[in-house]
Structures are given as structure tokens and as C-alpha cells.
Amino acid sequence: MGHEDGSQSAYDAVETGDELVSWSRAYCRRAASDYDFSVDLHRVEWEVSTRAKRRAAAVKTPTVDDAAVGEPKQWESTSARADRLGGAPTCTMSLSWRAFESFDRAEWSATLRHELVHVEQFQAFGATDHGPAFKRRAEAVDAPVRVRRFAEPKYTLTCEDCSADVAYRYRECKLVRRSSAYRSACCDAPLDCRKREG
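Residues numbered from 1 in each chain as written. Predicted model: local features only at pLDDT ≥ 70, side-chain atom pairs only at ≥ 80, totals over all residues. Heavy atoms only, no water.

Enquirer: Please give an account of the sheet that holds strand β2 (residues 57-60) that cites residues and values.
Expert: Sheet strands pair by backbone hydrogen bonding; their relative direction is either parallel or antiparallel. Read from one edge of the open sheet, three strands run β1-β3-β2, paired in mixed fashion. Pairing within the sheet leaves two strands with one partner each, and these edge strands are β1 (44-49) and β2. For this sheet the average axis-to-axis angle between neighbouring strands, irrespective of direction, equals 20°. Across six bridges, β1 lies against strand β3 (residues 91-96) in parallel orientation. (Pairing = 2+ DSSP bridges. Helix = DSSP H or I, 4+ residues; strand = E, 2+ residues; numbered from the N terminus. Axes fitted to C-alpha atoms, helices over the stretch in contact; angles between N-to-C directions.)

In C-alpha cells:
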């Protein structure tokens, strides 16, 4: 079954990681044209994570020395980091299977546009972030600046004084095990850790 058209019926038919990559790649090709992204999708590799719980997708990039958003890179002059043809190094679009299962087509498409902003920044500057330039570009392409959580965190850390939720964790860590040793930013009070039932 084809998943190359990015349509709703093709989206609904996605059952494997390969099909998710195929649908997402097709959507990104169309979005690059529709939203005038300045990206070279031939320099994007694709993978699907079945373990990710916090991030719906991510662009994994190599470290580029002295790179900063807003400072264009001349890739030909940094050929040690670029391939033989010149141009930006390859980055990887990592898609979360669990997020895909939780999102409808519109939300998944918006998530992909968010990631395309990262690709665009990386290919232009050798770096990417969620700063002001990212926010402006995300707004221009109707993408969220932050993608919603698709899984409930296992632990909630709360300020003991005002009961505000101050942090969430998906697995046991030092902060969870020793929560009372940490202070909240709101009241400078110890933290209380609650484990989600279920």
C-alpha cells in the first residue's frame, strides 16, 4: 500500500515504521514547497523510535564548531564537516512511533513542520534552537514552538509550600529519589514527588 501522497487515507493506513517514514517524507517534500522551506531533504536521514516518550520527533545533528543561529555557514569552506559535494552535513529526522499513534494527521503534520524549521536552521547555520528566530519561522509555517506531550510523566514534582507542579519526570532519577533535597524556584521550598497511578 502506498504512503507517498501524504493524504488522510494514506496516514490512516500507516502500520509500520517504514510506512511512517514514507508518509512523513512525502509530507515534508510537499511542505517544503508549500511553505517555502529552504531545505535539502536529500541531506536528511530518517528513523523511527519506538522508545521515545517525551519527544514526538527530533532532528539529530552533528556538532559544528563555531556555529550559531543567525550566522550563515559557508559549507564549502568547512568541507571537513561536509560531504565531498559541499553543503550541509547530513542530519537525521527521528520520529516517535508513540507520538504518531497519539496525534491526528493535522497535529503530526504540524510536528513535521516544526522539525523542518530545525532542519532549515541547521542547514543554514550549522546550529538550531527554539529562540526568537525559530519562533518567528514556526509561526510563519503554522507549526507549534513546543510540541505537546503525548505520554503522561510517571512522576510529578510539586512545591511543598504552594503546591505548584514544578517538574515532571518519565523515569526514576536522582531528582525523583531525592526530591526533598531540591528546592522549588517559586517558593524556595522542598519538593514533593508523586508517582502517577496506573
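Enquirer: Summarise helix α2 (residues 17-34); cite the residues concerned and give the values.
Expert: Taking 1.5 Å per residue as the helical rise, α2 with its 18 residues ought to reach 26 Å, and the 25 Å between its terminal C-alpha atoms agrees with that figure. Those residues of α2 that sit buried are L20, V21, S22, W23, S24, A26, Y27, C28, A31 and A32. Residues of α2 that are buried make contact with α1 (8-12), β1, β3, α3 (97-102) and α4 (105-125). Positive backbone phi, approximately 55°, marks D36, located one or two places after α2. (Expected span 1.5 Å × (residues − 1). Buried < 20%, exposed > 50% of the residue type's maximum accessible area, 1.4 Å probe, protein only. Contact = heavy atoms within 4.5 Å.)

Enquirer: Before we move on, can you summarise the pattern of salt bridges with the specific residues and values?
Expert: Within this structure, the stated rule accounts for eight salt bridges. Among the ionic pairs, E107 bridges to R148, the shortest N-O distance being 2.6 Å. Pair noted here: E107 is in helix α4 and R148 is in the loop between α5 (132-140) and β4 (155-159), with a separation of 41 residues, a long-range link. Judged by its relative accessible area of 39%, R148 falls in the partly exposed class. A salt bridge links R113 to D142, with the nearest nitrogen and oxygen atoms 3.9 Å apart. Taken together, the positions of R113 in helix α4 and D142 in the loop between α5 and β4 put the pair 29 residues apart, joining distant regions of the chain. For R113, a relative accessible area of 7% puts it in the buried group. With a relative accessible area of 55%, D142 lands in the exposed category. (Salt bridge = Lys/Arg side-chain N within 4 Å of Asp/Glu carboxyl O.)

Enquirer: Which residues make up the sheet that holds strand β5 (residues 165-169), and what values do they have?
Expert: The sheet built from three strands is open, its strands ordered β5-β4-β6 with antiparallel pairing. Whereas interior strands pair on both sides, the edge strands pair on one side only; in this sheet they are β5 and β6 (191-195). Averaged over all adjacent pairs, the angle separating strand axes in this sheet is 25°, with direction ignored.

Enquirer: Could you give an account of the environment of K174, with specific residues and numbers?
Expert: Here K174 lies in helix α6 (residues 174-177). Overall, the relative accessible area of 47% leaves K174 in the partly exposed class. If we ignore the near neighbours within four places in the chain, the residues touching K174 are S179 and Y182.

Enquirer: Give me the lowdown on the layout of surface pockets, citing residues and values where you can.
Expert: The computed volume of the largest pocket comes to approximately 260 Å³. What lines the largest pocket is a set of 16 residues, and nearest its centre among them are A57, H114, E115, H130 and V147. Elements supplying a minimum of two residues to the lining of the largest pocket: β2 and α4. With four residues, α4 is the single largest residue contributor to the lining of the largest pocket. Taken as a whole, the second largest pocket encloses approximately 220 Å³ of empty space. For the second largest pocket, the full set of lining residues is R51, A52, K53, R54, R55, Y170 and R171. Of the residues belonging to the lining of the second largest pocket, the class tally is two nonpolar, no polar and five charged. (1 Å grid on protein atoms, 1.4 Å probe; cavity = no way out; pocket = protein on both sides within 12 Å on 5 of 7 lines; lining within 4 Å. Points joined across faces, edges and corners; volume = space filled by probe spheres on them. Nonpolar A, V, L, I, M, F, W, Y, C, P; charged D, E, K, R; others polar.)

Enquirer: Talk me through the side chain of E120; I want residue IDs and the actual numbers.
Expert: Locating E120 in the fold gives a position in helix α4. According to the relative accessible area criterion, E120 is buried, its value standing at 13%. At a separation of 2.7 Å, a polar atom in the side chain of E120 contacts the side chain of R137. With residues up to four places along the chain from it excluded, the contact list for E120 reads D36, F37, S38, V39 and R137. (Polar contact = N/O pair within 3.5 Å; in protein donor to acceptor, adjacent residues only side chain to side chain.)

Enquirer: Account for the side chain of E115, with residues named and values stated.
Expert: Tracing the backbone shows E115 in helix α4. Buried within the structure, E115 lacks any salt-bridge partner; R55 is the closest side chain of opposite charge, at an N-O distance of 7.7 Å. When residues no more than four places from it in sequence are discounted, the contact partners of E115 are A57, A58, V59 and M93. (Lys, Arg positive; Asp, Glu negative; His and termini not counted.)

Any functional reading would require information that these geometric values do not contain.
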